[in-house]
Amino acid sequence: MEKQTLTLVILNGKGAGNEQLRSAINTLRDEGHDIAVRVTWEHGDGARYVHEAVQLQAETVVAGGGDGTINEIATALVQLEGVSAPILGILPLGTANDFATSAGVPEDMEQALRLAILGKATRIDLACVNQQRYFINMATGGFGTRITTETPEKLKSALGGVSYFIHGLMRMDQLKADSCEISGADFNWQGDALVIGIGNGRQAGGGQRLCPGALINDGALELSIVTSQEILPTLLHSLTRDDDNPNIISASLPWLTIRAPNEMTFNLDGEPLSGSEFRIEVLPQALQCRLPPSCELLA
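Residues numbered from 1 in each chain as written. Predicted model: local features only at pLDDT ≥ 70, side-chain atom pairs only at ≥ 80, totals over all residues. Heavy atoms only, no water.

Observations regarding the overall build of the chain
Broken down by element type, the chain carries nine helices and 14 strands. When contacts within the chain are restricted to residue pairs at least 6 apart in sequence, long-range pairs at least 24 apart make up 72% of them. As presented, the chain carries roughly 13600 Å² of accessible surface, and 47% of it is formed by carbon and sulfur atoms. (Helix = DSSP H or I, 4+ residues; strand = E, 2+ residues; numbered from the N terminus. Contact = heavy atoms within 4.5 Å. Areas by Shrake-Rupley, 256 points an atom, 1.4 Å probe, with all protein chains shown as cover.)

Here it is in structure tokens:
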């Protein structure tokens, strides 16, 4: 009899009590799938469990949580040296689930788990910032970053992704653009940016389509710069539709640098990084990931 390959599911502690997921895991175990579960409690747990997965020769590591959890596991996978990294699977258990949503990962736990274990593995890009931090979905800067980092946890728990938008409306009086210079391959821009999106995926902040044309396996990042002070109509119009808007500057780049006279904060899949200079580059085909056959993010 063929030996069953192991799947290691790494859950963010907040999602550990999900009864639908517990039922899904039991169902697939009853079908003969070898599934082990680990729960993160503190910083560093995700990387430790990824190393355990390698030692156990797990074929797949499933990240169960939101964008931050997926980032943590993807980062640990891409940093593995001298070994073949397990395939990444995704269970959307976070507040916004921006990457999972734009990738078309099912919300139903059993469907998502089946995809994570049995789906076709595809090589996808990852993005690296200043040679030390990574993001799988998007880096956002400016007003949008302040909203996602400052939105109260209670509001997020009650309203999910729409909470970011509501909190943004509450903070409209504090709009402030970041002065910066952005340069890349055959690209240079200097000015005041209200929102900056650098997308491997397409949406952030609970559903705002900052980079509607981004693909995760094309060896490029999509840059979107919102320059208009009229952020509300710009957000309502351009960030939910794919047509052109004069208040948004876009480019597709393999790398870019951002320099600012004052400190800026970028949100990397929900995790903040502050500084005055950033170099962001794509790492083509850095990971294997199980995604739906109809995934819009695949070229």
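Remarks on the packing of helix α2 (residues 45-55) against helix α3 (residues 67-78)
Where α2 contacts α3, the axes come no closer than 9 Å and their chain directions differ by 50 degrees. Looking at the two axes, α2 sits oblique to α3. For α2 against α3, the interelement crossing comes out right-handed. For the pair formed by α2 and α3, the contact residues are D45, G46, A47 and V50 on the first element and E72, I73, A76 and L77 on the second. (Axes fitted to C-alpha atoms, helices over the stretch in contact; angles between N-to-C directions. Parallel < 35°, antiparallel > 145°, perpendicular 65-115°, else oblique. Left-handed = near helix turned anticlockwise from the far one by under 90°.)

Let's talk about the side chain of N97
Within the secondary structure, N97 sits in the loop between β4 (87-92) and α4 (98-103). Relative accessible area serves as the criterion here: at 13%, N97 is assigned to the buried category. Separated by 2.8 Å, the side chain of N97 and the backbone nitrogen of G94 make a polar contact. Once residues within four sequence positions are removed from consideration, N97 is found in contact with G65, G66, D67 and P92. (Buried < 20%, exposed > 50% of the residue type's maximum accessible area, 1.4 Å probe, protein only. Polar contact = N/O pair within 3.5 Å; in protein donor to acceptor, adjacent residues only side chain to side chain.)

A word on the packing of aromatic side chains
Inspection of every chain in the model, using the stated rule, returns one aromatic pair. Ring centres 4.9 Å apart and planes at 70 degrees place the aromatic pair F266 and F278 in the edge-to-face group. Of this pair, F266 sits in strand β13 (residues 255-268) while F278 is found in strand β14 (residues 271-290), placing the two residues twelve residues apart along the sequence. As far as the burial class goes, F266 and F278 line up, both buried. (Phe/Tyr/Trp six-rings, centres within 6.5 Å; stacked < 30°, edge-to-face > 60°.)

Some points on the packing of helix α1 (residues 19-30) against helix α5 (residues 109-118)
In the contact formed by α1 and α5, the axes pass within 8 Å of each other and the chain directions differ by 50 degrees. Compared by their axis directions, α1 and α5 come out oblique. Here α1 runs over α5; the crossing is right-handed. Touching Q20, L21, A24, I25, T27 and L28 of α1 are M109, E110, L113, R114 and I117, all from α5.

Focus on the confidence of the model for the chain
The share of residues in the chain with pLDDT of 70 or more is 82%, and the mean pLDDT across the chain is 86. For residues 158-164, every residue scores under 50 in pLDDT, and the model assigns this stretch 17 contacts once sequence neighbours within four places are set aside. (pLDDT = per-residue confidence, 0-100.)

Some details on the pairing of strand β1 (residues 6-12)
The buried fraction of β1 amounts to six of the seven residues, a majority that puts the element mostly inside the structure. Summarising the sheet, β1 and strand β2 (residues 34-40) pair through seven bridges and their orientation is parallel. Looking at the pairing, L6 lines up with D34 of β2. Here five bridges tie β1 to strand β3 (residues 60-65), and the two strands are oriented parallel to one another. Bridge pairing in β3 links T7 to T60. (Pairing = 2+ DSSP bridges.)

Thoughts on the nonpolar core
V50, I73, L88, L91, L113 and I136 are the most contacted members of the largest nonpolar core, which has 49 residues in total. The dominant element in this core, judged by the number of residues it contributes, is α5, at six residues. Aside from chain neighbours lying at most four places away, what touches L113 is V9, A24, I25, L28, I35 and L91. Residues A139, I196, L221 and V282 belong to the second largest nonpolar core, which totals 26 residues. (Core = buried A, V, L, I, M, F, W, Y, C linked by side-chain atoms within 4.5 Å.)

Focus on unusual backbone geometry
The backbone of N97 shows a phi angle near 50 degrees, a positive value even though the residue is not glycine. Look at N130: it is not a glycine, yet its phi comes out positive at around 50 degrees. Mapped onto the elements of the fold, N130 is located in the loop between β5 (121-129) and β6 (133-135). Among the residues examined, N130 registers a relative accessible area of 28% and is labelled partly exposed.

Observations regarding the environment of R290
By secondary structure assignment, the location of R290 is in strand β14. With 228 residues separating them along the chain, R290 and V62 place their C-alpha atoms 9.5 Å apart. Residues in contact with R290, not counting those within four places in the same chain, are E59, T60, I87, L88, L115, A116, I117, L118, G119, K120 and A121. A polar contact of 2.9 Å, which involves the side chain of R290, links it to the side chain of T60.

What to know about the pattern of salt bridges
Summed over all chains, the structure comprises eight salt bridges. Residue R38 pairs with E52 through a salt bridge whose shortest N-O separation is 2.7 Å. Placement of the pair is R38 in strand β2 and E52 in helix α2, with a sequence separation of 14 residues. For R48, the salt bridge is made with D45, and the minimal N-O distance between the two is 2.9 Å. Of the two residues, R48 and D45 both sit in helix α2, three residues apart, roughly one turn of that helix. Classification of R48 as partly exposed rests on a relative accessible area of 48%. By relative accessible area, D45 is classed as buried at 4%. Three or more residues joined by partner-sharing salt bridges are found here, namely E31, E110 and R114. (Salt bridge = Lys/Arg side-chain N within 4 Å of Asp/Glu carboxyl O.)

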